[in-house]
Amino acid sequence: MAAVDCPGSLKSVRIVVVGDKGTGKSSLIVAAATDSFPPNVPPVLPDTKLPFEFFPDGIPVTIVDTSSRPEDRNMVAEELKQADAVVLTYACDRPETLEGLTTYWLPELRRLEVKVPIIVAGCKLDFRDDNNPVSLEQVMSPIMQQFREIETCIECSALKQLQAQEVFYYAQKTVLHPTGPLFDQETQSLKPRCVRALKRIFILCDQDRDGALSEAELNDFQVKCFHAPLQPSEIEGVKRVVQEKLPEGVNERGLTVTGFLFLHALFIEKGRLETTWTVLRKFGYNNDIRLADELLPPSLFKRTPDQSVELTDVAIEFLKGVFMMFDDDEDNNLRPQEIEDLFSTAPESPWKDAPYDGAAEKTALGGLSFDAFLSLWSLMALLEPAKSVEYLIYIGFPGDPSSAIRLTRRRRLDRKKQQCERKVFQCFVFGPNNAGKSALLNCFLGRSYENQGPTTDERYAVNMVDDSGNAKKTLVMREIPDDGAKELFSSKESLAACDIAVFVYDSSDESSWKRATELLVEVATHGETTGYEVPCLMVSAKDDLDSFPLCIQESTRVTQDMGIEPPVSISSKLGDFNNLFRKIITAAQHPHLSIPETEAGKSRKHYNRLINRSLMAVSIGAAAVVVGLAAYRVYAARKSASA
């Protein structure tokens, strides 16, 4: 079966040949391509294309010869950056060229960050001094220990037609069926990501969900991957091999997941990597053992800056079922181990690092309620739509990927229609250092009040908020550090994804209030300039402390002048939030209200109104003139007729 039939497989292989001058690069290429030794070879060959039928995998190969001249090194570097594999040559009769591998070529490949398989080819084997025999293993073992990126070494002779084609066969094979992603040579075991992918494939093939592959299921698997059924005697042979080496690999129902993994480790140990790679590619995996790009086309996630992505009802129902399936103790929470089990068929857990780690409310045992579980999925769909769909597929989403997500209407259009239909709202939380932003996010996630130092990194918090009518909305709060605001405003589209902005200040500190006001003006100005205007709310934090003098008067004056609601007073320390989170949701649902206006913005609007009125007056005047002329012409025509 040609690998090109599968998603994630390469459509061609580009092999670049490099090495010292006179090591036989060009002769090796001609000998491999023509099965003959060339008497006269140019210094550098043009690209040599081997047809797709040249090697059994059915993939066309392009071999690129390179110059050894120092002045051409930049050109060689560019070729190396486009390589799928590198053949590095030395001459068997010239020890200094072997030394050049470790003193120049291999360090140079590392410097250029060429992270592709490397095949070392010892050329001119026929010229080697037979009186001083040295085995290839003796020569290359210390080099391969130092440079683990070398996949294999092979000696060859273009003159004698000895293993010239094999050099490029192995180079192609290391690209199409690399060992590195699958197998750890040191521990002699399958790598974790490979185990997870094979486990997912096993579950997909276990149609009756009994934890074993029956003869019928094994046969379906064989036909799907290799287009050929297994004979009953072959199935028995497979089960016998597994049972002899690993008794728990087979039970009365068939081949267990342990046995399935054992078989693939056995294939790899015996050098049959193409078997495991064929299976992985048939189920949509690429060389990184992730889903191939063909299964997640960029067009699926194409959107304007002020659109966002949400999970569909279909995806949410699927996630409800998954949650219940992995809630082994039926306590309506997923413990950390249950979450780990849920993602055991994915390359890794997607929530172990920022921005997801610590972004949702956790139980006392570090688990997730269904609301928290769904909130994290909503956050991932908002921030990384492709990743959210990818991980839905890993955990068994059965439908078309496009049925898992939906694009929201543009926020600009929401403002025009004065309503929105979103279920997930993103709130940017601005404020000076020590204003209480982090404490607010912590309390939003149900955590006890803690005094927090200045936030240096962006941070997310996501949770469900009860809306009117017993509905729930998902609120994503994104904390913007004070020193990160300037960088945020440097982008024209920085507010496009924002549904509402909140400005937190310490009500006991006048300088904190002034800085929050400055940030409000900056957001308002940015919105007026770019067209991405957002509703805004002021939050007077630390209400348990005495306010600074004139705090209420000043805050009321500024909010009235800018046309937004008065500040909402809260105390994270006392747990008094004055219904803030529902107020945030309500304001976000009315995107045409609570939009602040600067003096410049008001002047601009006033000017535009005057211009529009003037244009209207001119239009009416012009229309009156036209009507008057028409009436005069009618009058003149009648007068002429009567005369």
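Just so it is clear, the structure is predicted and the values come from calculations on it, not from any experiment.

Enquirer: Please set out the sheet that holds strand β17 (residues 459-466) residue by residue, giving values where relevant.
Expert: Across the sheet, six strands lie side by side as β17-β18-β16-β19-β20-β21; this open sheet has mixed pairing. Two strands bound the open sheet, and with one partner strand each, they are β17 and β21 (568-569). Pairing between strand β20 (residues 536-541) and β21: two bridges, direction parallel. For Ser540, the partnering residue across the bridge sits in β21 and is Ser569. The sheet contacts of helix α13 (residues 370-383) involve β16 (424-430), β17 and β18 (472-479), and relative to β17 the element is tilted by about 125 degrees.

Enquirer: I'd like a description of the side chain of Asp72, backed by residues and values.
Expert: By secondary structure assignment, the location of Asp72 is in the loop between β3 (61-64) and α2 (73-81). Within the local environment of Asp72, its side chain forms a polar contact with the side chain of Ser67, the two groups lying 2.7 Å apart.

Enquirer: Give me the packing of aromatic side chains: which residues, what numbers.
Expert: Each aromatic ring pair is summarised here by two numbers: the centre-to-centre distance and the angle between the ring planes. One pass over the full model with this rule turns up 22 aromatic pairs. Measuring from centroid to centroid gives 4.9 Å for Tyr104 and Trp105, while their planes differ by 75 degrees, and the two rings are edge-to-face. Look at Trp105 and you get buried, because its relative accessible area is 8%. Aromatic pair Tyr285 and Tyr394: ring centres 6.5 Å apart, planes at 15 degrees, arrangement stacked. Of this pair, Tyr285 sits in the loop between α10 (273-282) and β12 (309-311) while Tyr394 sits in helix α14 (residues 385-394); the two residues are 109 residues apart in sequence, bridging distant segments of the chain.

Enquirer: Any details on the pattern of salt bridges? Residues and values, ideally.
Expert: This model, assessed by the stated rule, comprises 42 salt bridges. The residue Arg411 makes a salt bridge to Asp499 at a minimum N-O spacing of 2.8 Å. Taken together, the residues span a long stretch of sequence, with Arg411 in helix α15 (residues 411-417) and Asp499 in the loop between α17 (485-489) and β19 (500-506) at a distance of 88 residues. A single network of salt bridges, built from pairs that share partners, joins Arg409, Arg411, Asp414, Arg422 and Asp499.

Enquirer: With reference to specific residues and values, describe the environment of Asp561.
Expert: Locating Asp561 in the fold gives a position in helix α19 (residues 551-562). Distance from Asp561 to Glu599, taken between C-alpha atoms, is 8.9 Å for residues 38 residues apart in sequence.

Enquirer: Now, about the nonpolar core: what can you tell me, with residues and values included?
Expert: Ile201, Phe373 and Trp377 are the most contacted members of the largest nonpolar core, which totals 77 residues. Looking at this core element by element, the count peaks at ten residues for α13. Discounting residues that sit within four places of it in the chain, Phe373 has contacts with Leu319, Phe323, Leu334, Leu342, Trp351 and Leu368.

Enquirer: Now, about the pairing of β17: what can you tell me, with residues and values included?
Expert: Judged by how many residues are buried, β17 sits mostly within the fold: seven of eight residues are covered. Across eight bridges, the pairing between β17 and β18 is antiparallel. Each residue of the ladder has a partner; that of Asp466, found in β18, is Lys472.

Enquirer: Just give me the short version of the environment of Leu101, but keep the residues and values in it.
Expert: In this fold, Leu101 is placed in helix α3 (residues 95-111). Residue Leu101 is classed as buried on the basis of its relative accessible area, which comes to 0%. Counting along the chain gives eleven residues from Leu101 to Tyr90, while the straight-line C-alpha distance between them is 7.6 Å. Other than its neighbours up to four places away in sequence, Leu101 contacts Leu88, Thr89, Tyr90, Leu106, Pro107 and Val120.

Enquirer: Can you break down the pairing of strand β5 (residues 118-123) residue by residue, with the values?
Expert: Counted residue by residue, β5 has six buried out of six residues, so it is predominantly covered. Of the two faces of β5, both are covered, the one formed by Ile118, Val120 and Gly122 as well as the one formed by Ile119, Ala121 and Cys123. Across six bridges, the pairing between strand β4 (residues 85-91) and β5 is parallel. Note on β5: the bridge partner recorded for Tyr90 is Gly122. In terms of handedness, the path from β4 via α3 over to β5 forms a crossover that is right-handed. In the sheet, β5 pairs with strand β6 (residues 150-155) via five bridges, with the strands oriented parallel. Opposite Gly122, over in β6, you have Glu155 as the bridge partner.

Enquirer: Explain the packing of helix α11 (residues 313-326) against α13 to me, using residue names and the numbers behind them.
Expert: Put simply, α11 and α13 touch, their axes get as near as 11 Å, and they point 135 degrees apart. Taken as axis vectors, α11 and α13 run oblique relative to one another. In the crossing of α11 with α13, the sense of the turn from one axis to the other is right-handed. Contacts between α11 and α13 pair Ile316, Leu319, Lys320 and Phe323 from the former with Phe370, Phe373, Leu374 and Trp377 from the latter. Here the contact of α11 with α13 is built from residues that sort into seven nonpolar, no polar and one charged.

Enquirer: Describe the sheet that holds strand β11 (residues 254-256), and please don't skip the residues or the numbers.
Expert: Read from one edge to the other, the open sheet built from three strands follows the order β9-β11-β10, with strand pairing classed as antiparallel. The two strands at the open ends of the sheet, each matched to only one other strand, are β9 (212-213) and β10 (250-251). Where β9 lies against β11, two bridges are found, and the strand directions are antiparallel. If you follow Ala212 over to β11, its bridge partner there is Thr256.

Enquirer: Any chance you could break down the packing of helix α6 (residues 192-205) against helix α9 (residues 257-269) for me, citing the residues and the numbers?
Expert: Packing of α6 against α9 brings their axes to within 10 Å, and their N-to-C directions diverge by 125 degrees. Between α6 and α9, the interaxial angle falls into the category oblique. Judged by the twist between their axes, the crossing of α6 over α9 is right-handed. Listed contacts from α9 to Val195, Leu198, Lys199, Ile201 and Phe202 of α6 are Val257, Phe260, Leu261 and His264. In terms of residue class, the contact of α6 with α9 is made up of seven nonpolar, one polar and one charged.

Enquirer: Hey, could you go over the environment of Glu390 for me, with residue numbers and the actual values?
Expert: Of note, Glu390 is situated in helix α14. Taking the C-alpha atoms as reference, Glu390 lies 7.3 Å from Leu296; in sequence the two are 94 residues apart. Contacts of Glu390, omitting those with residues within four sequence positions, involve Arg290, Leu291 and Leu296.

Conventions adopted
Residues numbered from 1 in each chain as written. Predicted model: local features only at pLDDT ≥ 70, side-chain atom pairs only at ≥ 80, totals over all residues. Heavy atoms only, no water. Pairing = 2+ DSSP bridges. Helix = DSSP H or I, 4+ residues; strand = E, 2+ residues; numbered from the N terminus. Contact = heavy atoms within 4.5 Å. Axes fitted to C-alpha atoms, helices over the stretch in contact; angles between N-to-C directions. Polar contact = N/O pair within 3.5 Å; in protein donor to acceptor, adjacent residues only side chain to side chain. Phe/Tyr/Trp six-rings, centres within 6.5 Å; stacked < 30°, edge-to-face > 60°. Buried < 20%, exposed > 50% of the residue type's maximum accessible area, 1.4 Å probe, protein only. Salt bridge = Lys/Arg side-chain N within 4 Å of Asp/Glu carboxyl O. Core = buried A, V, L, I, M, F, W, Y, C linked by side-chain atoms within 4.5 Å. Right-handed = clockwise from strand over helix to strand, strands pointing away. Parallel < 35°, antiparallel > 145°, perpendicular 65-115°, else oblique. Left-handed = near helix turned anticlockwise from the far one by under 90°. Nonpolar A, V, L, I, M, F, W, Y, C, P; charged D, E, K, R; others polar.

Interpretation in functional terms is not warranted from these geometric data alone.
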